[in-house]
2 protein chains.
Amino acid sequence: MTIAQLTQQECETMLGNLPGWSLRSDGKAIERTFEFADFVRAFGFMSSVAILAEKQDHHPEWFNVYNKVEMTLTTHDAGGLSQRDATLAEAIEALL
Amino acid sequence: MTIAQLTQQECETMLGNLPGWSLRSDGKAIERTFEFADFVRAFGFMSSVAILAEKQDHHPEWFNVYNKVEMTLTTHDAGGLSQRDATLAEAIEALL
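Residues numbered from 1 in each chain as written. Chains lettered and ligands numbered in written order. Predicted model: local features only at pLDDT ≥ 70, side-chain atom pairs only at ≥ 80, totals over all residues. Heavy atoms only, no water.

### Some details on the packing of helix α2 (residues 39–56) of chain A against helix α2 (residues 39–56) of chain B
The interhelical angle for the contact between α2(A) and α2(B), taken along N-to-C directions, is 170°, at an axis separation of 11 Å. Overall, the two elements α2(A) and α2(B) adopt an arrangement that is roughly antiparallel. Two secondary-structure elements touch here, α2(A) through A:F39, A:V40, A:F43, A:M46, A:S47, A:A50 and A:E54 and α2(B) through B:F39, B:V40, B:F43, B:M46, B:S47, B:A50 and B:E54. Partitioning the contact of α2(A) with α2(B) into residue classes produces ten nonpolar, two polar and two charged. (Axes fitted to C-alpha atoms, helices over the stretch in contact; angles between N-to-C directions. Helix = DSSP H or I, 4+ residues; strand = E, 2+ residues; numbered from the N terminus. Parallel < 35°, antiparallel > 145°, perpendicular 65-115°, else oblique. Contact = heavy atoms within 4.5 Å. Nonpolar A, V, L, I, M, F, W, Y, C, P; charged D, E, K, R; others polar.)

This is the structure in structure tokens:
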């Protein structure tokens, strides 16, 4: 546990800035489902996110089927949410 | 249901040709987990599969976290497994 967890207030501020995202029921991750016109668009989005994620050294857990992408962000080294999740989610939103 | 389901014998033949894959418990899909050295390799593999999938107009259901990719192949229009799953899985194996 080398990375600081967000406080509850920081968490609320983060979610306030990320309208499409919601807190996972255990409070340790944020989630969003994205829908695109087709697979090419969905995977194009995933490719962009992959580059951002690698650059930030912080990677999503994600599921894809055809035009749908379900994404979960959490910080294992913090045992929950950290600033890294907020930063990656904001960068992902900026793609859209 | 416009696509023919594989018979049990065709299914066994397919799995015989795909050593790393297993039948999902309901018999309607095949699954394989892939592990790579890191995220860049895992996503590089996913990018290759994405191109094959789009070319074959048959797409996986898949989950990725860091260096791991869990893949499921099924044919919704067949209500289970079809030749499309065998063809895509064989093309994926040829990438490795």
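What follows continues from the structure just given.
### Quick look at the packing of aromatic side chains
The full count for this structure, using the stated rule, is eleven aromatic pairs over all chains. Between A:F36 and A:F45, the aromatic rings sit 5.0 Å apart at their centres with planes inclined by 35°, giving tilted as the arrangement. Take A:F36: its relative accessible area is 19%, and that puts it in the buried class. Of the residues examined, A:F45 reaches a relative accessible area of 6% and is grouped as buried. Between B:F39 and B:F43 the ring centres are 5.9 Å apart and the planes differ by 25°, which places this aromatic pair in the stacked class. Of this pair, B:F39 and B:F43 both sit in helix α2, four residues apart, roughly one helical turn. Here B:F39 falls in the buried class, since its relative accessible area comes to 2%. (Phe/Tyr/Trp six-rings, centres within 6.5 Å; stacked < 30°, edge-to-face > 60°. Buried < 20%, exposed > 50% of the residue type's maximum accessible area, 1.4 Å probe, protein only.)

### Overview of the relation of the copies chain B and chain A
For these two chain copies, the linking operation is a rotation about an axis paired with a shift along it. Aligned on chain A, chain B shows an RMSD of 0.0 Å; the corresponding rotation is 180° and the shift along the axis is 0.0 Å. Each copy turns onto its partner about a two-fold axis. Taking C-alpha positions as reference, the residue of chain B nearest the rotation axis is B:F63, located at 2.1 Å. (Least-squares fit on C-alpha atoms with pLDDT ≥ 70 in both.)

### A few points about the pairing of strand β4 (residues 68–73) of chain B
Residue and element names in this part refer to chain B. Pairing of strand β2 (residues 30–35) with β4 involves six bridges; the strand directions are antiparallel. Bridging across to β4, I30 finds its partner in L73. Bridge analysis of strand β3 (residues 61–65) against β4 gives five bridges, and the strand direction is antiparallel. Along β4, the bridge assignment pairs F63 with E70. A loop of two residues connects β3 with β4, the two strands running antiparallel in sequence, and Y66 in this loop sits at a positive phi of about 45°. (Pairing = 2+ DSSP bridges.)

### Points about the nonpolar core
The biggest cluster of nonpolar side chains holds 50 residues, and the ones touching the most others in it are A:M71 and B:M71. Broken down by element, the residue count for this core peaks at eight residues, all from α2(A). If sequence neighbours within four positions are ignored, B:M71 has contacts with B:W21, B:I30, B:E31, B:R32, B:F34, B:F45, B:V49, B:P60, B:E61, B:W62 and B:I92. (Core = buried A, V, L, I, M, F, W, Y, C linked by side-chain atoms within 4.5 Å.)

### Looking at the sheet that holds strand β1 (residues 22–23) of chain B
The strand order across the open sheet formed by eight strands is β1(A)-β2(A)-β4(A)-β3(A)-β3(B)-β4(B)-β2(B)-β1(B), and the pairing between neighbours is antiparallel. The open sheet has two edge strands, β1 (22–23) of chain A together with β1 of chain B, and neither has a second partner. In this structure, β1(A) lies alongside strand β2 (residues 30–35) of chain A, joined through two bridges in antiparallel fashion. Looking at β2(A), one finds that A:L23 is bridged to A:I30. Lying over the sheet, α2(A) contacts β2, β3 (61–65) and β4 (68–73) of chain A together with β3 of chain B, oriented at roughly 165° with respect to β3(A).

### Some details on the pattern of salt bridges
Opposite charge on two side chains lets them pair, provided their charged atoms get close. Residue and element names in this part refer to chain A. On inspection of all chains with the given rule, the structure shows six salt bridges over all chains. A salt bridge links D38 to R41; the shortest N-O distance between them is 2.8 Å. A residue is classified by how much of its surface remains accessible, and D38, at 18% relative accessible area, is buried. (Salt bridge = Lys/Arg side-chain N within 4 Å of Asp/Glu carboxyl O.)

### Quick word on the side chain of B:N67
When you line up the elements, B:N67 lands in the loop between β3 and β4. B:N67 sits in the buried class, given a relative accessible area of 18%.

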